[in-house]
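# Understanding the architecture of this molecule
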Amino acid sequence: MSIGTGNGNGNGNAGPGSGSARPSGGPRSPITDSLAKPLPKRFYKDVTVGGAAPFQILLDGRQIKTPKKRPLVVPARPLAEAIAEEWRAQTDVINLAKMPLTRFANTAIDAVADTLDAVAADITAYAGSDLVCYRAETPQQLVEKQSEHWDPIVAWANETLDAHFQVVTGIVHVAQPEASLVAFSEALPRDAFRLSAMHVITTLTGSALIALALFQQWLSPKAAWEAAHVDEDYQIALWGEDAEAAARRRGRHAEFDSANRFLALVAQSA
């Protein structure tokens, strides 16, 4: 059986880098969202997990297939059990919008596994014009907030990667040293599951450096989210937030939390 899914990637904050120099906000590999398709009816009774790695998720004993008809198998039992819970939670129809872990796994298997280098390059492109490297000139309160949240991330990246990411004022693109980008790229995971989650986090935050700090557990999810939204939070404090914007932010936050959970579950041993 094959259930079409998308990966649920949202377009993240564009960040203060220049337009053409920044990545697209989405991967250059064929990672697409198909949530607009009609919802299929639930056709199964039991959901179980296979007994050995790589772990299968079984519907009435039958293996789930990805949209490309590849086996939906994952490297860690905790992730398999969490995906199985998503399938158990479906009632009359299979609502993929409420199954982020399934969507991320399908993306990893169907898209990212075939394009690891391209997806890693897309994440690295964010580092080349990263959110945390472009600073406001005024007002002073925003300047201080950016410095408070972003200076430690840049310092951590420079020390950890033996790099030299440059911090500039304004939005005119400044090329980062090639050696720094090479060091960043080499620090990325090269397995499809973790790389998929990192790409989602990068696009949602607009910062590859935030995503890497989160991946290496130097930043907590709460601190990463706050760092990614310094500018937005400043504007909200100044002008308030309308209902539509608040709803979009809740949606991004939910996807961010799901990507972090996916990353944590992949890291757990079988």
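As a reminder, the structure under discussion sits directly above these lines.
Residues numbered from 1 in each chain as written. Predicted model: local features only at pLDDT ≥ 70, side-chain atom pairs only at ≥ 80, totals over all residues. Heavy atoms only, no water.

### Remarks on the overall build of the protein
Looking only at helices and strands, the protein features ten helices and six strands. A burial count over the protein gives 51% of its 270 residues as buried. Look at the contacts in the protein between residues 6 or more apart in sequence, and 70% of them connect residues 24 or more apart. A total accessible area of about 12400 Å² is found for the protein, and carbon and sulfur atoms account for 53% of it. (Helix = DSSP H or I, 4+ residues; strand = E, 2+ residues; numbered from the N terminus. Buried < 20%, exposed > 50% of the residue type's maximum accessible area, 1.4 Å probe, protein only. Contact = heavy atoms within 4.5 Å. Areas by Shrake-Rupley, 256 points an atom, 1.4 Å probe, with all protein chains shown as cover.)

### Overview of the environment of Arg62
Among the structural elements, Arg62 can be located in strand S3 (residues 62-63). The exposed category is assigned to Arg62, whose relative accessible area is 53%. Between the C-alpha atom of Arg62 and that of Tyr44, which follows or precedes it by 18 residues, the distance is 9.6 Å.

### Details of the pattern of salt bridges
Tallied over the entire structure, the rule returns 13 salt bridges. When the shortest N-O distance is used, the salt bridge between Asp191 and Arg194 registers 2.4 Å. The partner of Arg249 in a salt bridge is Glu232, and the shortest N-O contact between them spans 3.0 Å. Within this pair, whereas Arg249 is found in helix H10 (residues 243-267), its partner Glu232 is found in helix H9 (residues 230-239), the two being separated by 17 residues in sequence. One network of salt bridges, in which partners are shared, links Glu232, Asp233, Arg249 and Arg252. (Salt bridge = Lys/Arg side-chain N within 4 Å of Asp/Glu carboxyl O.)

### What about helix H4 (residues 140-161)?
Taking 1.5 Å as the rise per residue, H4 with 22 residues should run 32 Å; its terminal C-alpha atoms sit 30 Å apart, in good agreement. In H4, a bend of some 35° at Trp150 exceeds every other bend along the element, and Pro152, a proline, comes one to four places later. Elements that come into contact with the buried residues of H4 comprise strand S5 (134-135), helix H5 (178-187), helix H7 (208-215), helix H8 (221-228) and H9. Asp162 lies just past H4 and shows a positive phi near 55°. (Expected span 1.5 Å × (residues − 1). Bend = angle between axes of the 7 residues up to and from the residue.)

### Notes on the packing of H8 against H10
Relative orientation of the contacting elements H8 and H10 amounts to 140°, with a least axis distance of 11 Å. One finds that H8 runs oblique with respect to H10. Handedness of the crossing formed by H8 with H10: right-handed. For the pair H8 and H10, the contacting residues are Pro221, Ala224 and Trp225 in the first and Arg249, Arg252, His253, Phe256 and Asn260 in the second. Of the residues assigned to the contact of H8 with H10, the class counts are four nonpolar, two polar and two charged. (Axes fitted to C-alpha atoms, helices over the stretch in contact; angles between N-to-C directions. Parallel < 35°, antiparallel > 145°, perpendicular 65-115°, else oblique. Left-handed = near helix turned anticlockwise from the far one by under 90°. Nonpolar A, V, L, I, M, F, W, Y, C, P; charged D, E, K, R; others polar.)

### Digging into the packing of helix H3 (residues 116-128) against H5
Contact pair H3 / H5: the axes reach a minimum separation of 10 Å and the direction vectors enclose 140°. With respect to H5, the element H3 is oriented oblique. Crossing geometry of H3 relative to H5 is assigned as right-handed. In this structure, H3 uses Ile123, Thr124, Ala127 and Gly128 to contact H5, whose residues at the interface are Leu181, Phe184 and Ser185. For the contact of H3 with H5, the residue count by class is four nonpolar, three polar and no charged.

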